[in-house]
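Results of the structural survey
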Amino acid sequence: MLRTSAAIAAGKLARAVARRRGGGSAMPGLVAERIDPKILGHALGGLPGGIVVVSGTNGKTTTTRMLVALLRAHGHSVFTNPTGSNFTRGVISALLGEVGLRGRPVADMAVLELDEAHALKFADAVTPTHALLLNVARDQLDRFAEIDHTAKLLAQLASRTSTGVVINRDDSFVARSADGVKTGVRVDYFGVDASIAHRLPELMEQDTRLDDDYVVPPAGAGDVLLKPRDERAFVILLGADGVGGSVGPVELKQRGLAAMINATAATAMARQLLGGSFDPVRAASALASVTAPFGRGEVIDADGAPLELVLVKNPAGFTVALSTYGSTPVRTMIAINDNYADGRDVSWLYDVSFESLRTIGVALTSGVRAYDMALRLQYDEVAVDAVEPDLAAALDRFLAARDGQPARIFCTYTAMMTLRRILAERYDLPAFGEEATS
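Residues numbered from 1 in each chain as written. Predicted model: local features only at pLDDT ≥ 70, side-chain atom pairs only at ≥ 80, totals over all residues. Heavy atoms only, no water.

1. Considerations on the sheet that holds strand 9 (residues 246-251)
In spatial order, the strands read 2-3-1-4-5-6-7-8-9; together these 9 strands make up an open sheet with mixed pairing. Across the chains shown, the open sheet's two edge strands, defined by having one partner strand only, are strand 2 (78-80) and strand 9. Neighbouring strand axes in the sheet, compared pairwise and without regard to direction, differ in orientation by 15° on average. Bridge count between strand 2 and strand 3 (residues 109-113): 3 bridges; the pairing is parallel. When the bridges of strand 3 are listed, Phe79 appears paired with Ala110. Of the strands in this sheet, strand 1 (51-55), strand 4 (130-133) and strand 5 (164-168) are in contact with helix 8 (residues 147-159), which crosses strand 4 at around 155°. Where helix 10 (residues 257-274) meets the sheet, its contacts fall on strand 1, strand 4, strand 5, strand 6 (186-192), strand 7 (224-228), strand 8 (233-238) and strand 9, and the angle it forms with strand 7 comes to roughly 150°. (Pairing = 2+ DSSP bridges. Helix = DSSP H or I, 4+ residues; strand = E, 2+ residues; numbered from the N terminus. Axes fitted to C-alpha atoms, helices over the stretch in contact; angles between N-to-C directions. Contact = heavy atoms within 4.5 Å.)

In structure tokens form, the structure reads like this:
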């Protein structure tokens, strides 16, 4: 107990210093973990409502935020890692802002976003009671190796979960995780209604599944299915054909099919956790109130005109972003970095079609790989007005030339972090991690 208290005190001090210097969200967690390697188990073990881990390649931050909103709407106190720092040390850093020196958060359950590899490191420290498995796509293969390995990480997470798992029934790599779940652990599924199954290629890299013999099974009573009405409104069916009722119609603050599927996944997990107390009316209201996470389709009022920040990190994600946000032509900038958190290999850009940007072109490419991005666009016959590797300079040029018109920036993770920090200072926005603490 003394070691945990010392770790929390040191971590809180490091957190305060990091905030003053604008540092990263994982560093205070590193300090605390060095002093007490078992701090996660001490802090989170024994939460009465359990510990939910949300993992997968795409949609973790958005889905986690939605699930937290759903649970809070039903009266639960939830600890989460709202910054999107999805490593174990990021979770510890988030804890430092929530706990006293005794190390216990004021919450009855935890909902944590963790990447595929760190989800297992977390499970080494404290056993998840529940896991929500979203999808598998090529994402930073230099960090997590090939796609089958990523799928195996998620399967291991499912096998180490003690109470319940919710799985994407439409993604064969994820769906097979059910095979290794322990006896007695509940398994539920989320997915799309058969009426829109033809749109799944928008969300999954089908080239990796051409030889896949997986067949999506008929929907069961426990499945939760998405049925869109248009690009913004949708209904979530509880069971095949809504045999158990429905949630909605709902209109999210975020646009696009991917956000709707994230909402469906969050609803499936909330329904499993809440059981008979799950209220579809409360659920619909909670989902409709969720704002876009930091940099994930976030809309910033920049001098009286909207500026959207759209995170992109792999072919599937960029393709979905273009289909979601590219349908309305606006002044566009693309910022590509190849730092460790982005993935060093940016050859994945050649698996994305940029033809939808031909009409208006791209005003600027920026970031470490600004010239690589401009070359990629040239192959798709997309005009690029200028190349400016320096992100701050590029942002100044981009905003100065837009004449009060809406604008959009597609950016990789570290580029998004840099741009968002500049925008926060300029437009008095919430700092990293502060916008989701309520």
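2. Considering the packing of aromatic side chains
Applying the stated criterion to the full structure yields 4 aromatic pairs. Centre to centre, the rings of Phe318 and Phe410 are 5.6 Å apart; their planes meet at 40°, and the pair counts as tilted. In this pair, Phe318 is assigned in helix 12 (residues 315-325) and Phe410 in strand 15 (residues 407-411), connecting sequence segments 92 residues apart. Residue Phe318 is classed as buried on the basis of its relative accessible area, which comes to 0%. Here the aromatic cluster, defined as three or more aromatic residues joined through ring pairs, consists of Phe318, Trp348, Phe354 and Phe410. (Phe/Tyr/Trp six-rings, centres within 6.5 Å; stacked < 30°, edge-to-face > 60°. Buried < 20%, exposed > 50% of the residue type's maximum accessible area, 1.4 Å probe, protein only.)

3. Some details on the side chain of Asn168
Looking at the secondary structure, you find Asn168 in strand 5. Of note is the side chain of Asn168, whose polar atom sits 2.9 Å from the backbone nitrogen of Asp170. Ignoring anything within four residues of it in the chain, the contact list for Asn168 reads Leu133, Leu134, Asn135, Val174, Ala175 and Phe190. (Polar contact = N/O pair within 3.5 Å; in protein donor to acceptor, adjacent residues only side chain to side chain.)

4. Looking at a nonpolar patch on the surface
The grouping of Tyr350, Leu375 and Tyr379 at the surface amounts to a nonpolar patch, some 340 Å² of accessible area in total. With respect to the element layout, Tyr379 can be found in helix 13 (residues 370-379). In this structure Tyr379 comes out as exposed when scored by relative accessible area, which is 57%. (Patch = residues over 30% accessible without salt bridge, like charges linked within 9 Å, V, L, I, M, F, W, Y side chains within 5 Å. Areas by Shrake-Rupley, 256 points an atom, 1.4 Å probe, with all protein chains shown as cover. Salt bridge = Lys/Arg side-chain N within 4 Å of Asp/Glu carboxyl O.)

5. Section: the pairing of strand 15
For a regular strand, side chains alternate in direction, first toward one face of the sheet and then toward the other. Strand 15 sits mainly inside the fold: 5 of its 5 residues count as buried. The sheet contact formed by strand 11 (residues 305-311) and strand 15 spans 5 bridges and is parallel. Each bridged residue has a counterpart across the sheet, and for Val310 the counterpart in strand 15 is Phe410. Where strand 12 (residues 331-335) meets strand 15, 5 bridges bridge the pair, whose relative direction is parallel. Looking across to strand 15, one finds that Ile334 is bridged to Phe410.

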